Amino acid sequence: MSERTCIGCRGKAPRAQLLRLVLTDSGELAVDARAIMPGRGAWIHPDPECVDLAERRRAFGRALRMRGSPEVTRVRDWVRLHRADSGRACTPSPTGERQTDSKGG
(Lines give C-alpha, C1' and ligand atoms only; values in the text may rest on other atoms or scores of the structure.)
Protein backbone atom coordinates (compact mmCIF):
# COMPACT_ATOMS: atom_id res chain seq x y z
CA MET A 1 0.00 0.00 0.00
CA SER A 2 1.29 3.43 -0.97
CA GLU A 3 1.94 5.88 1.88
CA ARG A 4 2.11 9.66 1.72
CA THR A 5 3.12 12.35 4.21
CA CYS A 6 0.61 14.89 5.50
CA ILE A 7 1.87 18.44 4.87
CA GLY A 8 0.24 19.54 8.13
CA CYS A 9 1.31 17.13 10.87
CA ARG A 10 4.04 15.39 8.81
CA GLY A 11 2.60 11.99 9.76
CA LYS A 12 2.60 9.15 7.23
CA ALA A 13 -0.64 7.46 6.20
CA PRO A 14 -2.03 5.39 3.33
CA ARG A 15 -3.24 7.45 0.35
CA ALA A 16 -6.83 6.44 1.09
CA GLN A 17 -6.69 8.28 4.44
CA LEU A 18 -5.30 11.52 3.03
CA LEU A 19 -6.77 14.25 0.87
CA ARG A 20 -4.92 15.34 -2.28
CA LEU A 21 -4.67 19.05 -3.05
CA VAL A 22 -3.60 20.59 -6.37
CA LEU A 23 -3.32 24.00 -7.97
CA THR A 24 -5.76 24.75 -10.77
CA ASP A 25 -4.61 26.33 -14.04
CA SER A 26 -5.68 29.68 -12.58
CA GLY A 27 -3.45 29.14 -9.51
CA GLU A 28 -6.19 28.38 -6.99
CA LEU A 29 -5.93 25.60 -4.42
CA ALA A 30 -8.39 22.80 -5.17
CA VAL A 31 -9.40 19.58 -3.44
CA ASP A 32 -8.73 16.51 -5.60
CA ALA A 33 -10.85 14.04 -3.64
CA ARG A 34 -10.50 11.31 -6.30
CA ALA A 35 -6.73 11.95 -6.65
CA ILE A 36 -6.89 12.05 -10.45
CA MET A 37 -6.27 15.69 -11.34
CA PRO A 38 -3.07 16.43 -13.27
CA GLY A 39 -0.16 18.30 -11.78
CA ARG A 40 1.83 18.34 -8.61
CA GLY A 41 -0.18 17.39 -5.56
CA ALA A 42 0.12 17.79 -1.82
CA TRP A 43 -1.40 15.39 0.70
CA ILE A 44 -3.10 16.30 3.97
CA HIS A 45 -5.27 14.59 6.57
CA PRO A 46 -8.88 15.76 6.15
CA ASP A 47 -8.71 17.32 9.60
CA PRO A 48 -8.98 21.03 10.51
CA GLU A 49 -5.95 20.75 12.82
CA CYS A 50 -3.74 19.55 9.96
CA VAL A 51 -5.03 22.34 7.71
CA ASP A 52 -4.18 24.87 10.45
CA LEU A 53 -0.71 23.38 10.91
CA ALA A 54 -0.01 23.41 7.19
CA GLU A 55 -1.10 27.02 6.92
CA ARG A 56 1.01 28.12 9.91
CA ARG A 57 4.04 26.28 8.54
CA ARG A 58 3.41 27.72 5.03
CA ALA A 59 3.51 24.13 3.80
CA PHE A 60 0.96 24.59 0.99
CA GLY A 61 3.22 26.87 -1.03
CA ARG A 62 6.31 24.74 -0.48
CA ALA A 63 4.60 21.44 -1.26
CA LEU A 64 3.01 22.80 -4.42
CA ARG A 65 6.13 24.76 -5.41
CA MET A 66 4.42 28.11 -5.68
CA ARG A 67 5.26 31.59 -4.48
CA GLY A 68 3.33 32.77 -1.47
CA SER A 69 0.49 30.95 0.23
CA PRO A 70 -2.72 29.96 -1.54
CA GLU A 71 -6.19 30.73 -0.25
CA VAL A 72 -7.26 27.68 1.79
CA THR A 73 -10.96 28.48 2.28
CA ARG A 74 -12.06 25.79 -0.20
CA VAL A 75 -10.01 23.19 1.66
CA ARG A 76 -11.36 24.25 5.07
CA ASP A 77 -14.95 24.13 3.76
CA TRP A 78 -14.42 20.70 2.17
CA VAL A 79 -12.85 19.28 5.35
CA ARG A 80 -15.58 20.70 7.58
CA LEU A 81 -18.35 19.27 5.37
CA HIS A 82 -16.84 15.83 4.74
CA ARG A 83 -15.35 15.26 8.16
CA ALA A 84 -18.80 15.59 9.71
CA ASP A 85 -20.09 13.02 7.22
CA SER A 86 -17.32 10.48 7.70
CA GLY A 87 -16.86 10.66 11.47
CA ARG A 88 -13.09 10.25 10.98
CA ALA A 89 -10.42 12.39 12.55
CA CYS A 90 -6.66 12.65 12.60
CA THR A 91 -5.29 11.89 16.06
CA PRO A 92 -1.77 11.50 17.41
CA SER A 93 -0.53 7.94 17.89
CA PRO A 94 1.64 6.90 20.85
CA THR A 95 4.71 7.29 18.58
CA GLY A 96 3.80 10.89 17.78
CA GLU A 97 2.68 10.20 14.21
CA ARG A 98 -0.84 11.03 13.14
CA GLN A 99 -3.34 8.30 12.43
CA THR A 100 -6.88 8.41 11.13
CA ASP A 101 -9.23 6.79 13.61
CA SER A 102 -12.92 6.04 13.44
CA LYS A 103 -15.08 7.86 16.00
CA GLY A 104 -17.46 5.48 17.67
CA GLY A 105 -18.68 2.75 15.41
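Owing to the predicted nature of the structure, the values given are computational and were not obtained by experimental measurement.

Some words on the side chain of D32
- Relative to the helices and strands, D32 is located in strand β4 (residues 29-32).
- Looking at D32, the relative accessible area reads 3%, which means it is buried.
- Setting aside chain neighbours within four positions, we find D32 in contact with R20, V22 and M37.

Examining the nonpolar core
- I7, L21, L29, I44, F60 and V75 are the most contacted members of the largest nonpolar core, which has 22 residues in total.
- Of all the secondary structure elements, the ones that give two or more residues to this core are β3 (19-23), β4, β5 (41-44), α1 (48-56), α2 (59-63) and α3 (73-86).
- Beyond its immediate sequence surroundings of up to four residues, F60 is in contact with I7, L21, L29, I44, V51, A54, E55, P70 and V72.

Quick notes on the side chain of R20
- You can see R20 is positioned in strand β3.
- Only 2.5 Å separates the side chain of R20 from the side chain of D32, close enough to count as a polar contact.
- Of the polar contacts made by the side chain of R20, one reaches the backbone oxygen of G39; its length is 2.6 Å.
- Leave out the neighbours within four places in its chain, and R20 touches A30, V31, D32, A35, M37, G39, R40, G41, A42 and W43.

Quick word on the pattern of salt bridges
- Counting across every chain of the model gives 5 salt bridges.
- The salt bridge partner of D32 is R20, with a shortest N-O separation of 2.5 Å. Separated by 12 residues along the polypeptide, D32 in strand β4 and R20 in strand β3 bring together distant segments of the chain.
- In this structure, the salt-bridge partner of D52 is R76, at a minimum N-O distance of 2.6 Å. One end of the pair, D52, is in helix α1; the other, R76, is in helix α3, with 24 residues separating them in the sequence.
- For R76, a relative accessible area of 25% translates into the label partly exposed.
- One network of salt bridges, with partners in common, ties together D52, E55 and R76.

Conventions adopted
Along each chain, numbering runs from 1 in the same order as the chain's sequence is written. For a predicted model such as this one, the threshold for reporting local features is a pLDDT of at least 70, and the threshold for listing and counting side-chain atom pairs is 80 or more; totals across whole chains, interfaces and linings nevertheless cover every residue. No hydrogens and no water enter the side-chain calculation; it runs on all heavy atoms of the structure. Numbered from the N terminus, helices here are DSSP runs of H or I no shorter than four residues, and strands are runs of E no shorter than two. When accessible area is computed with a 1.4 Å probe and restricted to protein chains, residues below 20% of their type maximum are described as buried, those above 50% as exposed, and intermediate ones as partly exposed. In this description, contact between two residues means that some pair of their heavy atoms is separated by no more than 4.5 Å. Among buried residues, those of type Ala, Val, Leu, Ile, Met, Phe, Trp, Tyr and Cys that are joined through side-chain atoms within 4.5 Å constitute a nonpolar core. Here a polar contact is recorded for every N or O atom pair within 3.5 Å, except that within protein the pair must consist of a potential hydrogen donor and a potential acceptor, and residues adjacent in sequence are included only if both atoms are side-chain atoms. Each salt bridge in this description consists of a side-chain nitrogen of Lys or Arg and a carboxyl oxygen of Asp or Glu lying within 4 Å of one another.

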